[in-house]
Amino acid sequence: MRQVDRLFATLVCRTALADDALVADLAVACRSIAADDEAGQAWSRAHAYQGYTSYASLNDLAWRMPAFAALERALDPLVAAFARDLAFDLGRRRLRANALWVNVLEPGGAHSGHIHPQSVISGTVYIDVPPGASALRFEDPRLAMMMHAPQRKQTARRDLKSFITVAPSAGDVVLWESWLRHEVTPNTADRARISVSFNYA
């Protein structure tokens with residue numbers, strides 16, 4: 001008897017924010033924050049980030065602007081549902097947002113591979129995604145341990161590929177476990193891609 005089992009699944013959730021007015025409000029709020037946050041602009045320049053991020057400068061967006069507070073309220077049930085998909089045993093506890101930041105990625109900009117420490121679920125809400133905008137690329141977490149494994153065929157099943165690319169649309173929410181290494185591919189659009197990223201712990 002021959003049996004091939006699929007083990008150790010890595011789940012990624014893609015859903016819609018389902019509130020077009022909130023996405024429009026967030027577009028205005030993100031541009032406003034990016035224009036006014038001098039500390040974030042300085043950090044972005046110092047770290048060669050092609051565009052703007054509030055990652056290292058503002059940690060109170062939900063208090064600062066109502067659109068971000070509304071976004072957190074919209075994300076809470078989506079993250080809770082994903083935690084159930086992941087079969088997390090949280091008991092009476094629940095995951096809470098512990099970081100929320102704006103990303104304005106200019107043409108040519110990218111974000112190299114990274115993880116999100118000190119959190120459980122991470123994600124991104126896509127606000128403005130022009131044609132040719134950056135995609136989100138996930139790396140197989142086993143890749144560093146594959147040693148002498150040959151390359152996968154281009155025709156390999158999706159769950160066997162070393163990298164999976166998700167090309168989002170405006171209003172999409174993508175969720176993943178925070179340990180999953182990911183990157184943002186170069187923005188080949190003719191204008192900035194705007195998103196809001198977040199962590200739950």
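See above for the structure.
Sequence order as written defines the numbering, with residues in each chain counted from 1. Residue-level local features of this predicted model are given only where pLDDT is at least 70; pairs of side-chain atoms are given and counted only at 80 or more, and the full residue set underlies all totals for whole chains, interfaces and linings. Computation of side-chain values covers all heavy atoms of the structure but excludes hydrogens and water.

Q: Mind laying out the overall build of the protein chain, listing which residues take part and the relevant values?
A: By definition, any uninterrupted DSSP run of H or I lasting at least four residues is a helix, any uninterrupted run of E lasting at least two residues is a strand, and each is numbered from the N terminus. In terms of helices and strands, the protein chain carries four helices and 10 strands. Going residue by residue from the N terminus, the α and β elements of the protein chain occur as β-α-α-β-α-α-β-β-β-β-β-β-β-β. When we talk radius of gyration, it's over C-alpha atoms, and the globule rule is simply 2.2 Å times the number of residues to the 0.38. For the protein chain, the C-alpha radius of gyration of 18 Å lies close to 17 Å, the compact-globule estimate for 201 residues. If one aligns the C-alpha atoms of the protein chain with their principal axes, the spans along those axes are about 65 × 45 × 30 Å. Taken over 201 residues, the protein chain has a buried fraction of 41%. Each accessible area is a Shrake-Rupley estimate made with a 1.4 Å probe; only the visible protein chains count as cover when residues are assessed. Carbon together with sulfur atoms contributes 53% to the accessible area of the protein chain, which is approximately 11800 Å² in total. Of the side chains in the protein chain, 22 bear a positive and 21 a negative charge, and the two mean positions are spaced by 8 Å. When accessible area is computed with a 1.4 Å probe and restricted to protein chains, residues below 20% of their type maximum are described as buried, those above 50% as exposed, and intermediate ones as partly exposed. Charged residues are defined narrowly, with Lys and Arg counted positive, Asp and Glu counted negative, and His plus the chain ends left uncounted. Charged side chains are reduced to one point each, which is NZ for Lys, CZ for Arg, CG for Asp and CD for Glu.

Q: Please set out the side chain of Asn103 residue by residue, giving values where relevant.
A: Tracing the backbone shows Asn103 in strand S3 (residues 97–105). Among the residues examined, Asn103 registers a relative accessible area of 8% and is labelled buried. Polar contact criterion, stated in full: a pair of N or O atoms within 3.5 Å, where within protein one must be able to donate a hydrogen and the other to accept it, and residues adjacent in sequence count only if both atoms are side-chain atoms. A polar contact of 3.0 Å, which involves the side chain of Asn103, links it to the side chain of Ser197. Contacts: residue pairs with any heavy atoms within 4.5 Å of one another. Setting aside residues no more than four positions away along its own chain, Asn103 makes contact with Tyr49, Tyr52, Thr53, Arg193, Ile194, Ser195, Val196 and Ser197.

Q: Got a sec to walk through the pairing of strand S10 (residues 193–200)? Specific residues and values, please.
A: In terms of residue burial, S10 counts as a mostly covered element, since eight of its eight residues are buried. Residues of S10 alternate between two faces, with Arg193, Ser195, Ser197 and Asn199 on one and Ile194, Val196, Phe198 and Tyr200 on the opposite face, all of them buried. Should DSSP find at least two bridges between two strands, the strands are regarded as paired. Here S3 runs beside S10; their pairing, made up of eight bridges, is antiparallel. Of the residues in S10, the one forming a bridge with Val102 is Val196. Bridge count between strand S5 (residues 121–128) and S10: seven bridges; the pairing is antiparallel. Bridge pairing in S10 places Asp128 opposite Ile194.

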